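Here are the chains, one letter per residue:
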Amino acid sequence: MEKWHLMTIVVLIGLTVRWTVSLNSYSGAGKPPMFGDYEAQRHWQEITFNLPIKQWYFNSSDNNLQYWGLDYPPLTAYHSLLCAYVAKFINPDWIALHTSRGYESQAHKLFMRTTVLIADLLIYIPAVVLYCCCLKEISTKKKVANALCILLYPGLILIDYGHFQYPLLI
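Residues numbered from 1 in each chain as written. Predicted model: local features only at pLDDT ≥ 70, side-chain atom pairs only at ≥ 80, totals over all residues. Heavy atoms only, no water.

Some points on the UniProt feature "transmembrane region" (unreviewed entry) in the protein chain
Keep this limit in mind: UniProt positions are given in the numbering used here, feature names are shortened, and annotations may be inferred rather than shown by experiment. Helix and strand labels come from DSSP, where a helix needs a run of H or I of at least four residues and a strand needs a run of E of at least two; each type is numbered from the N terminus.
Here, the residues flagged by UniProt with the feature "transmembrane region" (unreviewed entry) are residues 110-132 and 144-164. Across residues 144-164, the secondary structure splits into 81% helix and 0% strand, with the terminal C-alpha atoms separated by 28 Å.

Written as structure tokens, this is what we have:
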């Protein structure tokens, strides 16, 4: 039972660090014409929502691959599509084809940051906890320490929460 209390604390620490990093700015903020990876992720939602699947990876008048062309595998594209359906429900302007290019707002930034957190809560963090709990022949302390090290790995936190990418879904 002690393991679960400790593991809960580790998860809460990981979530706190993640959200704290997300409160900062991001590369390309307010800098046209490309606007950084925030715009890349937003644009991929725009493309996956508004275009048929067969057009996602091909250059066209509706999908200029020179402007943040979708260059991740299909699983990531489907993740963008799922996020786009939620975005459309909240504010259709966020993913409007062509007219949303360069869109930046505090509400949308919060939405994008939240999608990263939800993906972590549903996929990454449970996988880490399960993996660490299933390790054989090591103490509870070491299992918790492993989870802490993995959940606080700065590379993923900075990419996911500071740089607007979802590398865990590739």
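That shown, we press on.
A look at the packing of helix α4 (residues 106-133) against helix α6 (residues 154-162)
Here is the rule: To define axes, lines are fitted to C-alpha atoms, for helices over the stretch in contact only, and angles between the resulting N-to-C directions are given on a 0 to 180 degree scale. Just so you know how the angles are binned, under 35 degrees is roughly parallel, over 145 roughly antiparallel, 65 to 115 roughly perpendicular, and the rest oblique. The criterion used for residue contact is that any of the two residues' heavy atoms lie within 4.5 Å. Residues were grouped as follows: Ala, Val, Leu, Ile, Met, Phe, Trp, Tyr, Cys and Pro as nonpolar; Asp, Glu, Lys and Arg as charged; and all remaining residues, including Gly, as polar.
Close contact between α4 and α6 brings their axes to 9 Å; oriented N to C, the two are set at 135°. Put simply, α4 runs oblique to α6. Across from Arg-113, Val-116, Leu-117, Asp-120 and Tyr-124 in α4, the residues of α6 making contact are Leu-156, Asp-160, Tyr-161 and Gly-162. Among the residues forming the contact of α4 with α6, the class breakdown is five nonpolar, one polar and three charged.

Observations concerning the nonpolar core
The test is simple: We call a set of buried residues a nonpolar core when its members are Ala, Val, Leu, Ile, Met, Phe, Trp, Tyr or Cys and they connect through side-chain atoms within 4.5 Å of each other. Relative accessibility decides the category of a residue: with a 1.4 Å probe and only protein chains considered, values under 20% of the type maximum give buried, values over 50% give exposed, and everything between is partly exposed.
Counting 28 residues, the largest nonpolar core has Met-7, Ile-125 and Leu-151 as the members making the most contacts within it. At the level of elements, α1 (2-22), α3 (74-90), α4, α5 (140-151) and α6 are the ones that each hand at least two residues to this core. For Ile-125, the residues in contact, after removing those within four places along its chain, are Val-11, Leu-15, Asp-120 and Leu-151.

Quick look at the side chain of Thr-48
Put simply, the rule is: Pairing of N or O atoms within 3.5 Å defines a polar contact, subject to two protein rules: one partner must be a possible hydrogen donor and the other a possible acceptor, and residues neighboring in sequence count only if both atoms are side-chain atoms.
Following the sequence through the fold, Thr-48 ends up in helix α2 (residues 36-50). Overall, Thr-48 belongs to the buried group, its relative accessible area being 2%. A polar atom in the side chain of Thr-48 sits 3.3 Å from the backbone oxygen of Gln-45. For Thr-48, the side chain forms a polar contact with the main-chain nitrogen of Leu-81, separated by 3.3 Å. Setting aside its immediate chain neighbours within four residues, Thr-48 contacts Trp-56, Leu-70, Ala-77, Ser-80, Leu-81 and Ala-84.

Things to note about the side chain of Glu-39
Inspection of the secondary structure puts Glu-39 in helix α2. A polar side-chain atom of Glu-39 sits 2.8 Å from a polar atom in the side chain of Arg-42. Only 2.7 Å separates the side chain of Glu-39 from the side chain of Tyr-67, close enough to count as a polar contact. Once residues lying within four places of it in the same chain are set aside, the contact partners of Glu-39 are Met-34, Tyr-67, Trp-68, Ser-100, Arg-101, Gly-102 and Tyr-103.

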